[in-house]
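# Examination of the molecular architecture
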Amino acid sequence: VPALDLGKLGDSDDESDANYKPLDKQYPRLGPPDTTSTVSWGTPIHVPCVQRCTRQQEEKTVPENLPAPSDKYREKYKQYEVEMKENYKQFSQRVVEKSKGNTPPQQRVVEKSLDQDPQPNEGDDDGLTALDEKALLQQCYISKPYTVQQSMRKLEADDLAAEKRKQSVVEQVMADQLSLRAVISDPQQNAKIVDSHRQTSTLPGPGTAPLRFRNRTLHETKVKTSSTLTENLLSSKFRFDARILTRNGRDACRELIGFFFAFDNSITIYEYRHFGKNRSNALPFIQKRIYSHQSGRRKGKQYVIRDFYVGANLTFLTSEHISLPESIKQKRLLTIRITDVDEEAKYSLLDSSADKHHPGLSKQEIDDRNVFKAVQGLLLEKLKKRGVRTLTGLGKHFRQLDTSGDGLLQKAEFKKAMALFHLEVPEKDFKSLWLILDQNCDGYVDYGEFIHGIIGEMNEYRKIFVRKAYMKLDPNKAGSVAMIDLRKFYCARKHPKVISGEVTEEQIKAAFVETLQEACSVPSEVSYCEFENYYEGLSVGILDDEDFANVLRNSWGI
């Protein structure tokens, strides 16, 4: 075999067998490899070029006597053809999406009206602005994010974690209350005759307990008891979950679990806290005591079983609880909202208590609710498509007016704000509403209560998802979330317009961030009340609770 010259292996367009010269005259030229023939690299070729090319064409001709392809082969070929067409279609869609993402903002479908002024006092009060259109994109994000099996697994995991949390709090409550009394070892201890002298003289064996743990009776203990509670008395109770009504994000995300004891109508509330990933503890938040209403139509009346239902408020004086956080003690009243109640235990206690025939709501409370429903019914239709802009704008406007930071504003300021945001209410209804909210008759009302009074608020089932999403964004409970972190967590992959190819994920995310930034006092971060106001406005246009829950499930992966 002659030496191989790598420079001669590359074929060129002008290369032919006529101008080719072999390296050594002793050996004839070697032809290129041919898979259709039996000629190898080392075999001399003595056939002329024209004859060789003709013979290669003859050998590559398919014989006519080949059998027809089988059905299995045809099916495989059709499947291969369909897959190739589908892959090409997906590739062309990705190319179109990339080209859309690279277009200038003024040419995009979602941002076609960015130059319009989003201020509430411009144009017709029913006209939609650019912010309204971007907020409405979130309302169609209601598809189910998980399959039935995935949802069942997630619900079982959540239920198991919640049950473990509640059980640990119950054990802590029982331990705290029973530790105030002495231990009674045996109900029939007085009937037993124990030879104490013989026990003291006999040395204990290796399997016996120390003397201080044996025969401990109530008569022999020197512990001074401050309570006569027993486990049977403490067992007549029902549990309720609660949260704090506040604009402070750290306090709003506190997990509270309370208990109402039927034997003396006392209340205690514990806070369930996490310390790291694997450590948690239940700490007393409201000490066990008999409490009364501190505001509302029932001010001064003692709490009873019927006062505990989902959506009810419990009010406490902060001056009576020294251990409360400083952020809570800044206000005179602590308002706690009940989010869940153990209905089975509640009604079993209600059947056996004297509160069974309690009249329930008074006539004044029913009239108050009717006034709220009348005012909210007038504004509900107007806010269906511009709820986000109105709710977030009102909150931002009131925060700017609240220079003292106590959340209290005067009647004239509320009227001016309602005119600014086109929330027209008859004067008669406004006076009735103001008399209900201004219970102290001092001319000041908390602007959070005023917004909830004229517009309403979403139910506790929806607020659970809002709090869960915010707690995922703010795991350290700092009270605010950076806008950069919020962009990282937000997911628009399952949005119907993204799936159909009308818009990209980045466009949906940019629309959400822009509408939320418009509500923020500081554009670089989002507080809890600003986050809640956004979804309060979004909730106005979504009738079904599960649709609203799916919006947060899809967006935040909760």
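Scroll up a little and you will see the structure.
The following paragraphs examine the structure supplied in this document.

Cut-offs applied
- Residues numbered from 1 in each chain as written.
- Predicted model: local features only at pLDDT ≥ 70, side-chain atom pairs only at ≥ 80, totals over all residues.
- Heavy atoms only, no water.
- Salt bridge = Lys/Arg side-chain N within 4 Å of Asp/Glu carboxyl O.
- Buried < 20%, exposed > 50% of the residue type's maximum accessible area, 1.4 Å probe, protein only.
- Axes fitted to C-alpha atoms, helices over the stretch in contact; angles between N-to-C directions.
- Helix = DSSP H or I, 4+ residues; strand = E, 2+ residues; numbered from the N terminus.
- Parallel < 35°, antiparallel > 145°, perpendicular 65-115°, else oblique.
- Left-handed = near helix turned anticlockwise from the far one by under 90°.
- Contact = heavy atoms within 4.5 Å.
- Nonpolar A, V, L, I, M, F, W, Y, C, P; charged D, E, K, R; others polar.
- Expected span 1.5 Å × (residues − 1).
- Core = buried A, V, L, I, M, F, W, Y, C linked by side-chain atoms within 4.5 Å.
- Pairing = 2+ DSSP bridges.
- Disulfide = S-S within 2.5 Å.

Moving on, we get to the pattern of salt bridges. If charged atoms from side chains of opposite charge come close, those side chains can pair. Under the defined criterion, the tally for this structure stands at 26 salt bridges. Put simply, Arg-298 and Asp-307 hold a salt bridge, and the shortest N to O gap is 2.3 Å. The buried category is assigned to Asp-307, whose relative accessible area is 5%. Salt-bridge contacts for Lys-497 lead to Glu-502; the nearest nitrogen and oxygen are separated by 3.3 Å. When its relative accessible area of 26% is taken as the criterion, Lys-497 is described as partly exposed. Taken together, the shared-partner salt bridges in this structure form one network comprising Arg-243, Arg-337, Glu-457, Glu-460, Lys-463, Glu-532 and Glu-536.

For the pair helix H18 (residues 505–517) and helix H19 (residues 528–540), interaxial distance at closest approach is 10 Å and the crossing angle is 115 degrees. Relative to H19, the element H18 is oriented roughly perpendicular. The crossing of H18 and H19 is right-handed. The segment H18 lies against H19, with Phe-512, Thr-515 and Leu-516 engaging Glu-530, Tyr-534 and Tyr-535. Per-class residue counts for the contact of H18 with H19 are four nonpolar, one polar and one charged.

On to helix H11 (residues 387–401), then. Helical geometry: 3.6 residues make up each α-helical turn, so side chains three or four residues apart lie on a common side. Helix length check: H11, at 15 residues, gives a terminal C-alpha distance of 21 Å against a target of 21 Å (1.5 Å per residue), a fit within 8%. Among the 15 residues in H11, twelve count as buried, and that is most of the element. The set of residues buried in H11 consists of Gly-387, Val-388, Arg-389, Thr-390, Leu-391, Thr-392, Gly-393, Leu-394, Gly-395, His-397, Phe-398 and Arg-399.

Let's shift gears to the nonpolar core. Within the largest apolar cluster, 37 residues are counted, with the highest numbers of intra-cluster contacts made by Leu-486, Phe-512, Phe-531, Tyr-535, Leu-552 and Trp-556. Listing elements by their share of this core, those giving two or more residues are helix H3 (130–139), helix H15 (460–473), helix H16 (483–489), H18, H19 and helix H20 (545–556). Not counting chain neighbours up to four residues away, the residues in contact with Tyr-535 comprise Met-458, Val-466, Phe-512, Phe-548, Leu-552 and Trp-556.

Within strand S1 (residues 237–244), eight of the eight residues are buried, which leaves it mostly tucked inside the rest of the structure. Of the two faces of S1, the one carrying Lys-237, Arg-239, Asp-241 and Arg-243 and the one carrying Phe-238, Phe-240, Ala-242 and Ile-244 are both buried. Where S1 lies against strand S6 (residues 333–341), five bridges are found, and the strand directions are antiparallel. Note on S6: the bridge partner recorded for Phe-240 is Val-341.

With that settled, the discussion passes to the sheet that holds strand S3 (residues 266–275). One open sheet holds the six strands; their spatial order is S4-S3-S2-S1-S6-S5, and the pairing between them is antiparallel. Looking at which strands have only one partner, the edges of the open sheet turn out to be strand S4 (279–289) and strand S5 (313–317). Adjacent strand axes in the sheet meet at a mean angle of 35 degrees when their direction is disregarded. Contacting S1 and S6, helix H9 (residues 343–351) crosses the sheet at an angle of about 130 degrees to S1.

In this structure the tally under the stated criterion is zero disulfides. Unpaired in this structure, Cys-529 has its nearest cysteine sulfur neighbour in Cys-520, at a distance of 9.0 Å. On the basis of relative accessibility, which here comes to 9%, the residue Cys-529 falls in the buried class.

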